[in-house]
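# Descriptive structure summary
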Amino acid sequence: MSALEILSRNAAHGGTQGVYKHASKATGTEMTFAVYLPPQADAGRCPVVWYLSGLTCTHANVMDKGEYRRKAAELGLIVVCPDTSPRGGDVADDEAYDLGQGAGFYLDATREPWAKNFRMETYIRDELQSLVTEHFPVNPDAQGIFGHSMGGHGALTLALKSPDQYRSCSAFAPIVGPMNVPWGEKAFPAYLGDDRDAWRRYDACALIEDGARYREFLIDQGDADDFLETQLQPHRFESACAHAGIPLVLRLQPGYDHSYFFISTFMDDHLAWHSRQLHPISG
């Protein structure tokens, strides 16, 4: 079995909240992640939902503020919370919050100095997937993915590219078209170079335009989000889904901003969404 270091374990809602560390081959660094096991995991394999966090976050943000454990315990869902990037003194970084450590954008970088460590798509989709399946009682055929902001971008793009792996997908205030907003226009050239065709495989709207399809999405977006018009632009994704015939539930939530107050308010809805789609698969 792959080596896994236990950093902490705490009882919560009849289950266990753990934090773990391992040496990643994909990133060439140590990586930390959190796993919540509901009480049902004591009796057998459970559906698993992957939560991808946003810019500047680690696994700890949603673990501490997301308020997911009570509902996950009720529904029998395992929740996995990875980090947002490789980290360490030898890992490339930038003084700005939206590039470098804490800002991996869930892609595999091809430009130096980022290419050496910033391979977050491979890490999430392949390496951490195998590690979690090896060490925890997950049902690999009943997996969902969701996330917030940059993590919502990661969830949408991973689901669109691997629909058989991720059987359900939702997002809180996702970056749906990073190619055409300031966050992506800064990160993509740094990580991927100037070829905009290379950017398209990490842009949810572009993936749909290029033929990717998915069974159904749920997106919640606060109408008081400071990033709504400049960085998020959910209408772009709504239009792409409509043209492609992809069902989308897009809910504009009055008065909510970009914070974990927003995420925690609608967390139960998203977990229930995933449970309805994953439990029939898990039997």
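Here the structure is shown first, and the text comes after it.
Residues numbered from 1 in each chain as written. Predicted model: local features only at pLDDT ≥ 70, side-chain atom pairs only at ≥ 80, totals over all residues. Heavy atoms only, no water.

### Structural notes on the nonpolar core
- Residues F33, F105, Y191 and F237 are the most contacted members of the largest nonpolar core, which totals 95 residues.
- If one sorts the elements of this core by residue count, helix α10 (residues 260-282) sits on top with 7 residues. (Core = buried A, V, L, I, M, F, W, Y, C linked by side-chain atoms within 4.5 Å. Buried < 20%, exposed > 50% of the residue type's maximum accessible area, 1.4 Å probe, protein only. Helix = DSSP H or I, 4+ residues; strand = E, 2+ residues; numbered from the N terminus.)

### Comments concerning the packing of aromatic side chains
- A complete count under the given rule lists 17 aromatic pairs for this structure.
- Seen from their ring centres, F118 and Y191 are 5.6 Å apart, and the 25 degrees between their planes marks the pair as stacked. With a gap of 73 residues between them, F118 in the loop between β5 (78-81) and α3 (120-135) and Y191 in helix α5 (residues 182-192) connect regions that are remote in the sequence. This pair shows no difference in class: F118 is buried, exactly as Y191 is.
- Pairing F217 with F237 gives two aromatic rings, centres 5.2 Å apart and planes at 70 degrees, and the pair type is edge-to-face. Here F237 lies in helix α9 (residues 234-244) and F217 lies in strand β8 (residues 217-222), a separation of 20 residues in the sequence.
- Grouped by ring-pair contacts, the aromatic residues Y51, F146, F172, Y256, F262 and F266 constitute a single cluster.
- Lying over the aromatic face of Y68, R69 brings its terminal NZ or CZ to 4.9 Å of the ring centre.
- A cation sits over an aromatic face here: R215 above Y214, 4.9 Å from the ring centre. (Phe/Tyr/Trp six-rings, centres within 6.5 Å; stacked < 30°, edge-to-face > 60°. Lys NZ or Arg CZ within 6 Å of the ring centre and 35° of its normal.)

### Structural notes on the pairing of β8
- Among the 6 residues that make up β8, 6 are buried, leaving the element largely enclosed by the rest of the structure.
- Residues F217, I219 and Q221 of β8 are buried on one face, and the alternating residues L218, D220 and G222, pointing to the opposite face, are buried as well.
- Pairing of strand β7 (residues 168-172) with β8, which is carried by 3 bridges, proceeds in the parallel orientation. By the bridge assignment for β8, S170 is matched with L218.
- Taken together, the 6 bridges between β8 and strand β9 (residues 248-253) define a ladder with parallel strand orientation. In the sheet register, Q221 faces β9, and the bridge partner there is L252. (Pairing = 2+ DSSP bridges.)

### Focus: the pairing of β5
- By the alternation rule, side chains of β5 split into I78 and V80 and V79 and C81, which are all buried.
- Across 3 bridges, strand β3 (residues 30-37) lies against β5 in antiparallel orientation. By the bridge assignment for β5, Y36 is matched with V79.
- Pairing geometry for strand β4 (residues 46-52) and β5, over 3 bridges, is parallel. Bridging across to β5, V48 finds its partner in I78.

### Details of α9
- All buried positions along α9 are accounted for by P234, F237, A240, C241 and A244. Down the axis of α9, the smallest arc covering the buried residues is 120 degrees, so these residues share one side. Facing away from the buried side of α9 by more than 90 degrees, the exposed set consists of A242 and H243.
- On its buried face, α9 sits against α4 (150-161), α7 (204-209), β8, α8 (228-232) and β9.
- Looking at the residues trailing α9, positive phi occurs at G245, about 75 degrees. (Arc of directions from axis to C-beta. Contact = heavy atoms within 4.5 Å.)

### Comments concerning the pattern of salt bridges
- In this structure the tally under the stated criterion is 16 salt bridges.
- Between K21 and E5 there is a salt bridge whose closest N-O contact spans 3.8 Å. Here K21, found in strand β2 (residues 15-23), pairs with E5, found in strand β1 (residues 5-12); they are 16 residues apart in sequence, far enough to count as distant.
- On the accessibility criterion, E5 (40% relative accessible area) is partly exposed.
- Its salt-bridge partner being K21, residue E30 comes within 3.4 Å of it at the nearest N-O pair.
- Connected via shared salt-bridge partners are E121, R125, D126, K161 and R201. (Salt bridge = Lys/Arg side-chain N within 4 Å of Asp/Glu carboxyl O.)

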